[in-house]
Amino acid sequence: MNRILIAEDESRIAAFIEKGLRSHGFTTAIAGDAESATQMALDSAFDLLILDIGLPGKSGLEVLEELRGQGEKLPVIILTARDDIQDKVTGFEAGADDYLTKPFRFEELLVRIKARLRNHSNQAADEIVLKMRSVTLDLRSRKVKVGTETIELPAREFTLAETFFRHPGQVLSREQLLDRVWGYNYDPGSNIVDVYVGYLRKKLGSDLIETVRGMGYRLKV
Ligand code: CA
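Residues numbered from 1 in each chain as written. Predicted model: local features only at pLDDT ≥ 70, side-chain atom pairs only at ≥ 80, totals over all residues. Heavy atoms only, no water.

Peer 1: Lay out the packing of helix α6 (residues 155-166) against helix α7 (residues 174-182) in plain terms, naming residues and giving numbers.
Peer 2: Two elements in contact, α6 and α7, have axes whose closest approach is 10 Å; the angle formed by their N-to-C orientations is 130°. One element, α6, and the other, α7, form an angle in the oblique class. Judged by the sense of rotation from one axis to the other, the crossing of α6 with α7 is right-handed. Contacts from Arg156, Thr159, Leu160, Thr163 and Phe164 of α6 reach α7 at Leu177, Arg180, Val181 and Trp182. Residues belonging to the contact of α6 with α7 are distributed by class as follows: five nonpolar, two polar and two charged. (Axes fitted to C-alpha atoms, helices over the stretch in contact; angles between N-to-C directions. Helix = DSSP H or I, 4+ residues; strand = E, 2+ residues; numbered from the N terminus. Parallel < 35°, antiparallel > 145°, perpendicular 65-115°, else oblique. Left-handed = near helix turned anticlockwise from the far one by under 90°. Contact = heavy atoms within 4.5 Å. Nonpolar A, V, L, I, M, F, W, Y, C, P; charged D, E, K, R; others polar.)

What follows is the structure, encoded as structure tokens:
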């Protein structure tokens, strides 16, 4: 059975979504503000998060950034009252999987939820091999192939490469990369991320990872 977290402060809307989902056999929980949404998403095993942008405390986008920053991969569908293209762009950059503008019919939401859950379980099944253009990471053997050539990467470089390959096209800040690859105790003023990105470019191809000025790095798709 799929467990869905609904982060929505308007109780009328939260109840509407919850009622619909329960009648389709989902288990649900509601978080009414940004803080509890973040905690609940990190602490319990939900299969999907429905995330309102306009939450008390922080915005839904900040919640999403925080979750992705902590390595939380659950699928997220953003809800917003504003049909704002900028929200949409920002939402996808922050790691949203889909997007729905209020008001919506429950069936629209259900279709998206089902699509996301299906994608996610497919991904989880073939996540043993990650591929971008001519570069393949085998997560089981921890071997890297560039074209037909197999190369060895030291553990830290492999983990950094894996982090990029798990978020293709997404900008990852130095802080996020430090956090995920080196652990949060690392000195944030260090340039180690830049040095290691340099190693990966040398070994995997110079145009694989691009610099996004003032923001971080991104695996080019
Ligand atoms: Ca709201």
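Peer 1: Tell me what's going on with the nonpolar core, and back it up with residues and numbers.
Peer 2: Counting residues in each nonpolar core, the largest one holds 29 residues, and the members touching the most others are Leu137, Val144, Leu160, Phe164, Phe165 and Leu204. Secondary-structure elements contributing two or more residues to this core are β6 (129-132), β7 (135-138), β8 (143-146), α6, α7, α8 (192-204) and β12 (216-219). Per-element accounting of this core gives the leading share, six residues, to α8. In contact with Leu137, not counting residues within four places along its chain, are Ile128, Val129, Leu130, Lys143, Val144, Phe158, Ala161, Glu162 and Phe165. (Core = buried A, V, L, I, M, F, W, Y, C linked by side-chain atoms within 4.5 Å. Buried < 20%, exposed > 50% of the residue type's maximum accessible area, 1.4 Å probe, protein only.)

Peer 1: Got a sec to walk through the pairing of β6? Specific residues and values, please.
Peer 2: With burial as the criterion, only one face of β6 is covered, namely that bearing Leu130 and Met132; the residues Val129 and Lys131 on the opposite face remain uncovered. As defined by bridge partners, β6 adjoins β7 across four bridges and the pair is classed as antiparallel. In the sheet register, Met132 faces β7, and the bridge partner there is Val135. Taken together, β6 and the strand that follows it, β7, pair antiparallel across an intervening segment of two residues, in which Arg133 is found at a positive phi of about 50°. (Pairing = 2+ DSSP bridges.)

Peer 1: Any details on the layout of surface pockets? Residues and values, ideally.
Peer 2: Considering only enclosed or pocket space, the second largest pocket measures out at about 170 Å³ in volume. Lining of the second largest pocket is provided by Glu65, Arg68, Thr90, Glu93, Ala94, Gln170, Val171, Ser173, Gln176 and Met215. Of the residues contributing to the lining of the second largest pocket, the split by class is three nonpolar, four polar and three charged. (1 Å grid on protein atoms, 1.4 Å probe; cavity = no way out; pocket = protein on both sides within 12 Å on 5 of 7 lines; lining within 4 Å. Points joined across faces, edges and corners; volume = space filled by probe spheres on them.)

Peer 1: Run through the sheet that holds β7, naming residues and quoting values.
Peer 2: Note: strands within a sheet are paired through backbone hydrogen bonds, in either parallel or antiparallel orientation. The antiparallel open sheet is built from four strands, whose spatial order is β6-β7-β8-β9. With one partner strand each, in any of the chains shown, β6 and β9 (149-151) form the two edges of the open sheet. Adjacent strand axes in the sheet meet at a mean angle of 20° when their direction is disregarded. The sheet contact formed by β8 and β9 spans three bridges and is antiparallel. Its bridge partner being in β9, Val146 is matched across the sheet by Glu149. In the packing of α6 onto the sheet, contacts are made with β6, β7 and β8, and the angle to β7 comes to roughly 110°.

Peer 1: Mind laying out the coordination of the calcium ion, listing which residues take part and the relevant values?
Peer 2: Six octahedral donors around a metal ideally make angles of 90 or 180 degrees; four tetrahedral donors ideally make 109.5 degrees. In the first shell of the calcium ion, the protein supplies Asp9 (OD), Asp52 (OD) and Gly54 (O), at 2.2 to 2.4 Å from the metal. Donor residues for the calcium ion, ordered by position in the chain, follow D-x42-D-x1-G. Within this pair, whereas Asp9 is found in the loop between β1 (3-7) and α1 (11-23), its partner Gly54 is found in the loop between β3 (48-52) and α3 (60-69), the two being separated by 45 residues in sequence. (Donors = N, O, S within 2.8 Å, 3.2 Å for Na, K, Ca; no water.)

Peer 1: With reference to specific residues and values, describe the UniProt feature "modified residue: 4-aspartylphosphate" (unreviewed entry) in the protein chain.
Peer 2: Residues given the UniProt feature "modified residue: 4-aspartylphosphate" (unreviewed entry) here are Asp52. Tracing the backbone through its elements, the reader meets Asp52 in strand β3. Taking relative accessible area as the criterion, Asp52 reaches 3% and is therefore assigned buried. Apart from residues no more than four positions distant in its own chain, Asp52 is found in contact with Ala7, Glu8, Asp9, Gly60, Leu79 and Lys102. (UniProt positions renumbered as here; feature names shortened; annotations may be inferred.)

Peer 1: How would you explain unusual backbone geometry if you had to name every residue and give the values?
Peer 2: Backbone torsion omega between Lys102 and Pro103 reads -5°, so that peptide bond is classified as cis. Note that Pro103 resides in the loop between β5 (98-101) and α5 (106-125). Even without being a glycine, Arg133 presents a positive backbone phi close to 50°. Looking at Arg133, the relative accessible area reads 42%, which means it is partly exposed. In this structure, Arg142 is a non-glycine residue whose phi angle is positive, near 55°. With respect to the helices, strands and loops of the structure, Arg142 is situated in the loop between β7 and β8.

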